[in-house]
Amino acid sequence: MRDYDAIVIGAGNAGLTAAATLQRAGAHTLLVERHNIPGGCATSFRRGRFEFEVALHQLSGVGVEGQPISLREGLFQQLGIAQTLEFVSERDLYRVVIPGQLDLTLPAEWDGAIDAIEEQFPGNRDRVATFFDLLRTVTFWQMAAMRGMPVEQIDPVLFDYGLRSVQDVLDEYFHDDRLKAALSMYWTYLGQPPSRLRFQDLALTLFAYFEFMPWHVRGGSQAMSSAILDSFRAAGGDVRFNTGVEAILTENGRVLGVRLGDGSDVTAPDVVSNASLPTTYGMLEGIDLPAGVRNDLATRRIGVSGFVLHMGLDASPAELGFTTSTTFVDKDLDSDHTYRSWRTFEPARGICVSSYDVAPIGFAPTGATHVSLMTLQYADIWKSVAPAEYARVKFAYAETLLDLCEAVTPGIRDAIEEVDVATPLTMMRYLGHPGGAIYGYDQDATEGWLFRDSERRTEVPGLHLAGSWTGMGGFQPTLEAGARVARRLLRTKAAR
């Protein structure tokens, strides 16, 4: 007799939504998490009188009440948490600053963004409007293709532009390199520079933020993770924290259950893994890894991690000069140089500055500010740092983020009350991901729905994969991925 209908490994975004979707549909589900809280990247922690958001910079896809195909009216309603969460809207997408060259704020609204660009780059109104039309069109047909529309019915615009590089498309539409930089700043959310990033990926990202606006959650992403967990438990789901999975058990070529860290076995005909693909397949016991899986893993590259400086500042956002919740500060226009620098200890060349109190989420006391500075880095360089040198190197590199931030907040160092620094090694330790990768595999042209579909093809019956390692990384994609995998699993169960 089996113990559960399904077991979910990992309580990150995808693990939580998978578990809640399964349990609310009547599948008795066990959720296993090695940390002591749910969320993975979607968590928070306290230092002094501040609470710090770990990773959520902007939540895309939330939308306003009544807006179709949004997280609010879709997934969050289905999980019964739409009315539980309090969403905080950002009025701008972002401010982008390149000292001495560019300082532009893009409103979170199509026409407003066009007006802002025209004001700073006169004569580009029609080009920007046409470019935005292209974003919407490519995104529409990409979504249609992902949902299985026959190729012959897809508008050729997707094939003409989708796989071209962002840089190539921007060069077709615009002449000013500063304007190109301003329109492509979300490339850091995807981990690939404009010269390598597929246009369809940037189009989808910009569409998600323009059409549904960027949001935060009052109480931070931890409030969202806890709400999903509450939905799961209220439906009768079981969760075990501080519990690792030692092995995924198989019998006669299909999944049988899992072995927990304490040596006990728990059985279920289906296991959903929110762990990385290398970790998941490495836990398989009693079966040879299928050749298709080995070949697939051999052609993929571990993605980029992050370096984050969390700060509690004894000053208000206005006093510090923060005018937007999200500010990108780059040293110059050379994004390829910035991308190469992620494999070195060269001073940070680009940072994402998140001020969580321009539109307060409730983490900082009145008159104070909670800010994070983030840049991307690969973990390999940190693995070579001697333990005795780790703290010195970490804080020395953090100073270079502050140097860049002072382009928009002169004197920010004088306001620091609390500080915490996370390196790629920190990400490795807390997430359990190889290389501390925050987006899964490198999101280059060989990744994504056109070339791979790891969610569907595990080649091991009963094993299901969900999360950033099976597709696009980020909060909205992983939240949706977990629910999507669970619904597919439920359909398969019904057909058995």
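Refer to the preceding data block for the structure.
Just so we're clear, the structure is a prediction, and the values are computed from it rather than from any experiment. (Residues numbered from 1 in each chain as written. Predicted model: local features only at pLDDT ≥ 70, side-chain atom pairs only at ≥ 80, totals over all residues. Heavy atoms only, no water.)

Novice: How should I be thinking about the overall build of the protein in this particular structure?
Specialist: For the protein, the helix and strand inventory stands at 18 helices and 20 strands. In terms of overall dimensions, the protein is globule-like: its C-alpha atoms have a radius of gyration of 22 Å, near the 23 Å expected for 496 residues. Along the longest, intermediate and shortest principal axes, the C-alpha atoms of the protein span 70 × 60 × 45 Å. Out of the 496 residues in the protein, the part that is buried amounts to 59%. Here the contacts in the protein between residues at least 6 apart in sequence split such that 73% fall between residues at least 24 apart. Accessible surface computed for the protein: about 19300 Å², of which carbon and sulfur atoms make up 51%. When the 44 basic and 62 acidic side-chain charges of the protein are each reduced to a single mean position, those positions are 5 Å apart. (Helix = DSSP H or I, 4+ residues; strand = E, 2+ residues; numbered from the N terminus. Rg over C-alpha atoms; globule rule 2.2 N^0.38 Å. Buried < 20%, exposed > 50% of the residue type's maximum accessible area, 1.4 Å probe, protein only. Contact = heavy atoms within 4.5 Å. Areas by Shrake-Rupley, 256 points an atom, 1.4 Å probe, with all protein chains shown as cover. Lys, Arg positive; Asp, Glu negative; His and termini not counted. Charge placed at Lys NZ, Arg CZ, Asp CG, Glu CD.)

Novice: When you look at the sheet that holds strand β20 (residues 463-465) in this model, what are you seeing that I'm missing?
Specialist: Sheet strands line up and pair through hydrogen bonds in the backbone, either parallel or antiparallel. Ordered in space as β9-β2-β1-β13-β20, the five strands form an open sheet in which the pairing is parallel. Of all the strands in the sheet, just β9 (238-240) and β20 have a single pairing partner and so form its edges. The sheet shows a mean angle of 20° between the axes of neighbouring strands, taken without regard to direction. In terms of strand pairing, strand β1 (residues 6-9) meets strand β13 (residues 271-273) through three bridges, oriented parallel. Residue pairing for β13: Val8 is matched across the bridge by Val272. Across the sheet, helix α1 (residues 13-24) touches β1, β2 (29-32) and β13, and the angle it forms with β2 is around 165°. The sheet contacts of helix α10 (residues 220-234) involve β2 and β9, and relative to β9 the element is tilted by about 130°. (Pairing = 2+ DSSP bridges. Axes fitted to C-alpha atoms, helices over the stretch in contact; angles between N-to-C directions.)

Novice: Help me understand unusual backbone geometry, please; the structure alone is not making it clear to me.
Specialist: For residues besides glycine, phi is generally negative; the peptide bonds are generally trans as well. Its identity as a non-glycine residue notwithstanding, Met213 has a phi of 65°, on the positive side. Backbone geometry at Asn252 places phi at a positive 55°, although glycine is not the residue there. You can see Asn252 is positioned in the loop between β10 (245-251) and β11 (254-260). For Asn252, a relative accessible area of 77% translates into the label exposed.

Novice: What should I look at first to understand the pattern of salt bridges in this one?
Specialist: Pairs can form between side chains of opposite charge once their charged atoms are near each other. All chains considered together, the criterion is met by 26 salt bridges. Close ionic contact of Asp444 with Arg301 constitutes a salt bridge, the shortest N to O distance being 2.0 Å. Within this pair, whereas Asp444 is found in the loop between α17 (424-431) and β20, its partner Arg301 is found in the loop between α12 (291-298) and β15 (305-313), the two being separated by 143 residues in sequence. Residue classification places Asp444 among the buried residues on the basis of a relative accessible area of 7%. Close ionic contact of Arg392 with Glu389 constitutes a salt bridge, the shortest N to O distance being 2.6 Å. (Salt bridge = Lys/Arg side-chain N within 4 Å of Asp/Glu carboxyl O.)

Novice: Honestly, the side chain of Thr400 in this entry has me stumped. Any pointers?
Specialist: As for its position among the elements, Thr400 is in helix α16 (residues 390-405). Of the polar contacts made by the side chain of Thr400, one reaches the backbone nitrogen of Ala348; its length is 3.2 Å. Setting aside anything within four residues of it in sequence, one finds Thr400 in contact with Pro347 and Ala348. (Polar contact = N/O pair within 3.5 Å; in protein donor to acceptor, adjacent residues only side chain to side chain.)

Novice: Help me out: how do you make sense of α1 in this one?
Specialist: Given 3.6 residues per helical turn, the α-helix brings residues three or four places apart onto the same face. With twelve residues, α1 ought to run about 16 Å at 1.5 Å a step, and its terminal C-alpha atoms sit 17 Å apart, in line with that. Where burial is concerned, most of α1 is hidden: eleven out of the twelve residues are buried. Of all the residues in α1, the buried ones are Asn13, Ala14, Gly15, Leu16, Thr17, Ala18, Ala19, Ala20, Thr21, Leu22 and Gln23. (Expected span 1.5 Å × (residues − 1).)

Novice: Hey, could you run me through the nonpolar core in this one?
Specialist: The nonpolar side chains of a soluble globular protein tend to be buried with one another. Counting residues in each nonpolar core, the largest one holds 64 residues, and the members touching the most others are Leu93, Leu104, Phe131, Phe132, Tyr186 and Phe199. Contacts of Phe131, omitting those with residues within four sequence positions, involve Val169, Leu170, Tyr173, Phe174, Leu183 and Phe199. Counting 40 residues, the second-largest nonpolar core is a separate cluster that includes Leu79, Ile81, Trp215 and Ala227. (Core = buried A, V, L, I, M, F, W, Y, C linked by side-chain atoms within 4.5 Å.)

Novice: Would you explain the sheet that holds strand β14 (residues 284-285) in this entry?
Specialist: Spatially, the four strands line up as an open sheet ordered β12-β11-β10-β14, and their pairing is mixed. One side of each edge strand has no neighbouring strand; the edge strands of this open sheet are β12 (265-267) and β14. Bridge count for β10 against β11 is six bridges, and the pairing is antiparallel. Opposite Ile248, over in β11, you have Val258 as the bridge partner.

Novice: I would appreciate a short explanation of the packing of α1 against helix α18 (residues 475-495) in the present structure.
Specialist: For the pair α1 and α18, the least separation of the axes is 7 Å and the interaxial angle reads 35°. Between α1 and α18 lies a crossing of right-handed hand. Taken together, the residues of α18 that come into contact with α1 (itself represented by Asn13, Ala14, Thr17, Ala18, Thr21 and Leu22) are Phe475, Thr478, Leu479, Gly482, Ala483, Ala486, Arg487, Leu489 and Leu490. For the contact of α1 with α18, the class distribution of residues is nine nonpolar, five polar and one charged. (Left-handed = near helix turned anticlockwise from the far one by under 90°. Nonpolar A, V, L, I, M, F, W, Y, C, P; charged D, E, K, R; others polar.)

Novice: Would you mind going over the pairing of strand β7 (residues 102-107) with me for this structure?
Specialist: Taken residue by residue, a regular strand's side chains alternate between the two faces of the sheet. Of the two faces of β7, only one is covered, namely that formed by Leu102, Leu104 and Leu106; the face formed by Asp103, Thr105 and Pro107 stays uncovered. For strand β6 (residues 92-98) and β7, the ladder comprises six bridges, and the chain directions are antiparallel. Following the sheet pairing, Val96 is matched in β7 by Leu104.

Novice: I would appreciate a short explanation of the packing of aromatic side chains in the present structure.
Specialist: Inspection of every chain in the model, using the stated rule, returns 30 aromatic pairs. For the pair Tyr339 and Trp342, a centre-to-centre distance of 5.3 Å together with 70° between the ring planes defines the contact as edge-to-face. Grouping residues by exposure puts Tyr339 and Trp342 together as buried. Where Phe345 meets Trp382, the ring centres are 5.0 Å apart and the plane angle is 85°; that geometry is what we call edge-to-face. Taken together, the residues Phe345 in the loop between α14 (335-341) and β17 (350-355) and Trp382 in helix α15 (residues 380-383) connect sequence positions 37 residues apart. Residue Phe345 is classed as partly exposed on the basis of its relative accessible area, which comes to 34%. Connected via pairs of aromatic rings, a cluster forms that spans Trp110, Phe131, Phe132, Tyr173, Phe174, Phe199, Phe207, Phe210 and Phe212. When the ring centre of Trp110 is taken as origin, the NZ or CZ atom of Arg136, which lies over that ring, is 4.4 Å away. Above the face of the Tyr378 ring, Arg343 is positioned so that its terminal group lies 3.7 Å from the ring centre. (Phe/Tyr/Trp six-rings, centres within 6.5 Å; stacked < 30°, edge-to-face > 60°. Lys NZ or Arg CZ within 6 Å of the ring centre and 35° of its normal.)

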